[in-house]
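Topology and contacts: notes
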Amino acid sequence: MVLTGDLVDEHTNSIEPLNSLLECLPEAPRFFVPGNHDKIAPVTRELYASLSKYGVTILDNKKVSLSKKGKRVSIVGLDDPYLGTPDPELLTGHGASEGELSILLCHAPTFGSQAVAQFKDTWDSCSKEVATSQKPRFTSGSVLELASRHDFDLVLAGHTHGGQIKIPGLGAVFVPGQGFPPRYVEGVYRSGSTAMFITRGLGTSRLPVRLFSRPEVAIIRWFTP
Ligand SMILES: [Fe+2]
């Protein structure tokens, strides 16, 4: 079970509603990556204490491995790519092992300019590769393409609220950190053998309104050929 961040924001005064939600979670390994709003909320310390209390592992630049009934899963969680400091060393040499599902957790599907600069070597090497091979374009700041270059199977992200407010016939017009039209909004995207799923999540940002972007808790089933 993964929580892809922004569980609280700068307007959150009490952690109790979140505690009620965490109490209802079914028994399963639980993981969390921080989002940009978690970083600046007045209850950040209480948030981290609650996550620990309810058995949620905080993956802010950490990786874990799980094994059950002979099946292995590795999970790398990056710090928030806008207000945190995601660590490129976590991805270097990661590589998916045979028979193992490798997951990259990242709050947002794109990186802010500071994080892009931090991962500069990776972006540069990817850009050169694209220039010489004429492969599909590489978008600086795309977590999907970064994960694809490092052979992850799956990226799980949030942050977008599915655009939060959609205009019929036009779709999402604004996603924080992306231009117009936003490229990564919700659902499944693919690059090579890597898939990325962006959940619409449950909440709102700035305006307490969602329009044609229903809240969701996603259940993902992973099948191997
Ligand atoms: Fe966010």
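Residues numbered from 1 in each chain as written. Predicted model: local features only at pLDDT ≥ 70, side-chain atom pairs only at ≥ 80, totals over all residues.

**Observations regarding the nonpolar core**
Counting residues in hydrophobic clusters, the biggest one holds 40 residues, and the most contacted among them are Leu104, Leu105, Cys106, Val143, Val155 and Ala157. Counting residues per element, the ones that place at least two in this core are β1 (2–3), β2 (30–32), β5 (71–77), β6 (100–105), α6 (143–149), β7 (154–157) and β11 (194–198). Once you skip the residues sitting within four places of it in the chain, Val143 turns out to touch Cys106, Pro109, Thr110, Phe111, Val155 and Ala157. (Core = buried A, V, L, I, M, F, W, Y, C linked by C-beta atoms within 7 Å. Buried ≥ 20, exposed ≤ 12 C-beta atoms within 10 Å, placed from the backbone. Helix = DSSP H or I, 4+ residues; strand = E, 2+ residues; numbered from the N terminus. Contact = placed C-beta atoms within 7 Å.)

**Overview of the sheet that holds β7**
Sheet architecture is open: 6 strands sit in the order β4-β5-β6-β7-β11-β10, paired in mixed fashion. Each edge of the open sheet carries a strand with a single partner, namely β4 (62–68) and β10 (187–191). For this sheet the average axis-to-axis angle between neighbouring strands, irrespective of direction, equals 20°. In the sheet, β4 pairs with β5 via 7 bridges, with the strands oriented antiparallel. When the sheet's bridge partners are listed, Lys63 is paired in β5 with Val76. (Pairing = 2+ DSSP bridges. Axes fitted to C-alpha atoms, helices over the stretch in contact; angles between N-to-C directions.)

**A word on the environment of Tyr189**
Here Tyr189 shows up in strand β10. With 34 residues separating them along the chain, Tyr189 and Val155 place their C-alpha atoms 9.4 Å apart. Every residue in contact with Tyr189, bar those within four places of it in the chain, is listed here: Leu144, Tyr184 and Met196.

**Some points on the environment of Val217**
Along the chain, Val217 turns up in the segment after β11. Sequence separation between Val217 and Leu202 is 15 residues; the distance between their C-alpha atoms is 7.3 Å.

**Let's talk about the sheet that holds β1**
Across the sheet, 3 strands lie side by side as β1-β2-β3; this open sheet has parallel pairing. Unpaired on one side and paired on the other, β1 and β3 (56–58) mark the two borders of the sheet. With 2 bridges joining them, β1 and β2 adopt parallel strand pairing. Bridge pairing in β2 places Leu3 opposite Phe32.

**Quick notes on the environment of Gln178**
In this structure, Gln178 sits in the loop between β9 (171–172) and β10. Between the C-alpha atom of Gln178 and that of Phe111, which follows or precedes it by 67 residues, the distance is 9.4 Å. The contact partners of Gln178, leaving out residues within four places of it in the chain, are Thr110, Arg183 and Tyr184.

**Digging into the confidence of the model for the protein**
Counting all residues, the mean pLDDT for the protein is 88, and 88% of those residues have values of 70 or more. Below a pLDDT of 50 lies the segment residues 133–139, which in the model reaches 7 contacts outside its immediate sequence neighbourhood of four places, other chains included. (pLDDT = per-residue confidence, 0-100.)

**A word on unusual backbone geometry**
With the exception of glycine, the majority of residues adopt a negative phi angle, and the majority of peptide bonds are in the trans configuration. With an omega dihedral of -10°, the bond running from Phe180 to Pro181 counts as a cis peptide bond. Looking at where Pro181 falls in the secondary structure, it is placed in the loop between β9 and β10. Here Asp151, not a glycine, exhibits a phi torsion of approximately 60°, which is positive. Relative to the helices and strands, Asp151 resides in the loop between α6 and β7. For Arg206, which is not glycine, the phi dihedral falls at a positive 65°.

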